[in-house]
Amino acid sequence: MWGSMIQRYIFMRCLIALSLVLGIFAVTIMLVDVVEQLRTVGGDIDLSPITAVQLSLMKLPGLIEDTLAFAILVAAMIAYNQLSKSSELSVIRATGQSAWQFLAPVMVMAAGIGFFAMMVLNPVGAYLSERFETTRAELLLEGGRVAERQRSDIWLRQGNDDNQIVIHAASVDSTGQVFTKLKLLEEGRVYADGRPTSRFRFIRRIDAETATISDGFWQLNDLVENTPGNPPQRISALAIETDLDPNSLLTRFTSPNTIGFWGLPSFISQTGRAGLDTSRFTMRWFGLTSLPVLYTAMALIGAIVCLRLSRLGGTSRLIAFGAGAAVALFFVTQIASSFGASGAIPALIAAWSPALCALFLSLTVLAYQEDG
């Protein structure tokens, strides 16, 4: 009974510290991003401060997700440092509570926030990030400036020295393979006396309802072909050779950050069946599943360095060491993510290894400090 009351008390202290840190982070992010929107978007159109705030709010969940690990670290440091300075940790130890027991609340909080970030915050952030890109493009378009939108109003070009095709599509799906309302304008180089000139002649125009790019070909469906001197010809299907790389188009039109946790498995399956490289998206999914472990490790790092009694000295040095360890973990995680996204190492190993290593090292240090 007494032990559970102590754990609830510590849990609330950690939760209050986290709320304070997240509030400071959110206000700071909003102030910086509003200025950035006024500088970038406001430099091209007459952007009101209210609209700039709305744009920044769309980006806020994704930015909070990126900083949440450090927020948990700082919150754990604040909560346990306050408990140590007020000698509450000494009193708690005197009641027979071990470090494993009074560190359990921050571990539970961090793991719970990890599941929340994975299953709720990430999908919301991905949706609002997509809304941000769309809203920003619409604002720039209304202001008279053309902005490239990731999945609509697509312009491509393919060809060689003798033949060029300009391609326009109304939209493309999330895999970067299926295009709608496709228009192709094909031109060929003009030759004079067997030698190439700088002039091109119109060869044909093709309007297709849908088109799919794969295996080095455009597969056009329900199309109309117009050639000089001939009436329009309706064709049900036509294949045209292309040198465009579907993987490059996937990278251009789709970012892993714009697909939420719940949508990633089906997207990976669909893209994999199409023969495209899904390493970036697989890495993103496994990275999200490792968040509870990563956040728990961050919380333990922050709490362990503050367990030393403040009257014994050296607390500042330990806190600096803990912050350095957390920064090192962040960089190791980013490097491992890069290797996993490129396919150099399996995504599961790249995503989970840094988090598990940090967790086990933290538990080892705690066991050494508390149990000898």
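Please refer to the structure placed before this passage.
Residues numbered from 1 in each chain as written. Predicted model: local features only at pLDDT ≥ 70, side-chain atom pairs only at ≥ 80, totals over all residues. Heavy atoms only, no water.

Asker: Whenever I open this one, the overall build of the chain confuses me. Can you help?
Answerer: A tally of helices and strands in the chain yields 10 helices and six strands. Against the globule reference of 21 Å for 372 residues, the chain gives a C-alpha radius of gyration of 28 Å, more extended than a compact globule. A burial count over the chain gives 41% of its 372 residues as buried. Contacts in the chain between residues at least 24 apart in sequence constitute 63% of all its contacts with a sequence separation of at least 6. Of the roughly 19,000 Å² that the chain leaves accessible, carbon and sulfur atoms contribute 62%. Distance between charge centres in the chain, computed from 28 positive and 30 negative side chains, equals 7 Å. (Helix = DSSP H or I, 4+ residues; strand = E, 2+ residues; numbered from the N terminus. Rg over C-alpha atoms; globule rule 2.2 N^0.38 Å. Buried < 20%, exposed > 50% of the residue type's maximum accessible area, 1.4 Å probe, protein only. Contact = heavy atoms within 4.5 Å. Areas by Shrake-Rupley, 256 points an atom, 1.4 Å probe, with all protein chains shown as cover. Lys, Arg positive; Asp, Glu negative; His and termini not counted. Charge placed at Lys NZ, Arg CZ, Asp CG, Glu CD.)

Asker: How should the pairing of strand β3 (residues 178-192) be read in this particular structure?
Answerer: A regular strand places its side chains so that they alternate between the two faces of the sheet. The sheet contact formed by strand β2 (residues 163-172) and β3 spans eight bridges and is antiparallel. From the neighbouring strand, I165 faces β3, where its bridge partner is E186. Note: β3 against strand β4 (residues 195-214), 13 bridges, orientation antiparallel. Each bridged residue has a counterpart across the sheet, and for E186 the counterpart in β4 is R204. (Pairing = 2+ DSSP bridges.)

Asker: I keep staring at the packing of helix α6 (residues 264-273) against helix α7 (residues 279-289) and nothing clicks. Help me out?
Answerer: It is the contact of α6 with α7, at a shortest axis distance of 10 Å, that shows an interaxial angle of 155°. One element, α6, and the other, α7, form an angle in the roughly antiparallel class. Considering the relative orientation of α6 and α7, their crossing is left-handed. Counting all contacts with α6, which are made through L264, P265, F267 and I268, the residues of α7 involved are F281, T282, R284, W285 and L288. Classifying every residue of the contact of α6 with α7 by side-chain character gives seven nonpolar, one polar and one charged. (Axes fitted to C-alpha atoms, helices over the stretch in contact; angles between N-to-C directions. Parallel < 35°, antiparallel > 145°, perpendicular 65-115°, else oblique. Left-handed = near helix turned anticlockwise from the far one by under 90°. Nonpolar A, V, L, I, M, F, W, Y, C, P; charged D, E, K, R; others polar.)

Asker: Which parts of the structure should I look at to understand helix α2 (residues 49-85)?
Answerer: Three or four residues apart is the spacing at which side chains of an α-helix point the same way, because the helix has 3.6 residues per turn. Taking 1.5 Å per residue as the helical rise, α2 with its 37 residues ought to reach 54 Å, whereas the 43 Å between its terminal C-alpha atoms falls clearly short. Along α2, the helix axis deviates most sharply at T67, where the bend reaches about 50°. (Expected span 1.5 Å × (residues − 1). Bend = angle between axes of the 7 residues up to and from the residue.)

Asker: Before we go on, may I ask you to explain the pattern of salt bridges in this structure?
Answerer: Proximity of charged atoms lets side chains of opposite charge pair with each other. Considering all chains together, one arrives at eight salt bridges under this definition. One salt bridge connects R204 with E186, and the closest N-O pair in it is separated by 2.6 Å. Pair noted here: R204 is in strand β4 and E186 is in strand β3, with a separation of 18 residues, a long-range link. Grouping residues by exposure puts R204 and E186 together as buried. Across the pair D207 and R205 runs a salt bridge, and its minimum N-O distance is 2.9 Å. Residue class for D207 comes out partly exposed when judged on its relative accessible area of 21%. (Salt bridge = Lys/Arg side-chain N within 4 Å of Asp/Glu carboxyl O.)

Asker: Explanation requested: the nonpolar core in the structure shown.
Answerer: When a protein is soluble and globular, its nonpolar side chains tend to lie buried together. One finds Y80, F102, L103, V106 and Y295 to be the most contacted residues of the largest nonpolar core, which totals 72 residues. By residue number, the principal contributor to this core is α2, which donates 16 residues. Formed by 21 residues, the second largest nonpolar core is a distinct cluster that contains L156, L184, I213 and I240. (Core = buried A, V, L, I, M, F, W, Y, C linked by side-chain atoms within 4.5 Å.)

Asker: Just to check I follow, could you spell out a nonpolar patch on the surface for this structure?
Answerer: There is a patch of nonpolar side chains on the surface, built from F115, F116, M119, V120, V124 and W262 and spanning about 570 Å² of accessible area. Mapped onto the elements, M119 comes out in helix α4 (residues 99-142). M119 gets classed as partly exposed once you look at its relative accessible area, which sits at 33%. (Patch = residues over 30% accessible without salt bridge, like charges linked within 9 Å, V, L, I, M, F, W, Y side chains within 5 Å.)

Asker: I tried to follow the side chain of S290 on my own but got confused; where do I start?
Answerer: With respect to the element layout, S290 can be found in the loop between α7 and α8 (291-304). Judged by its relative accessible area of 4%, S290 is buried. With residues up to four places along the chain from it excluded, the contact list for S290 reads A351, W352 and A355.

Asker: For this particular structure, what's the right way to read the packing of aromatic side chains?
Answerer: Here a ring pair, both rings aromatic, is described through the centre-centre distance and the interplanar angle of the planes. Applying the stated criterion across every chain yields a total of seven aromatic pairs. Aromatic pair F179 and W218: ring centres 5.2 Å apart, planes at 65°, arrangement edge-to-face. Of the two residues, F179 sits in strand β3 while W218 sits in strand β5 (residues 217-226), which places them 39 residues apart along the sequence. The exposure classification of F179 matches that of W218, with both residues buried. When the ring of F330 is compared with that of F331, the centres are 5.7 Å apart and the planes differ by 70°; the resulting orientation is edge-to-face. (Phe/Tyr/Trp six-rings, centres within 6.5 Å; stacked < 30°, edge-to-face > 60°.)

Asker: Looking at this structure, how should I read unusual backbone geometry?
Answerer: Negative phi is the rule for most residues except glycine; trans is the rule for most peptide bonds. The phi dihedral of K181 falls on the positive side, at around 50°, and the residue is not glycine. Position of K181 relative to the elements: it lies in strand β3. Positive phi outside glycine occurs at D222, with the angle close to 50°. Locating D222 in the fold gives a position in strand β5. A residue is classified by how much of its surface remains accessible, and D222, at 40% relative accessible area, is partly exposed.

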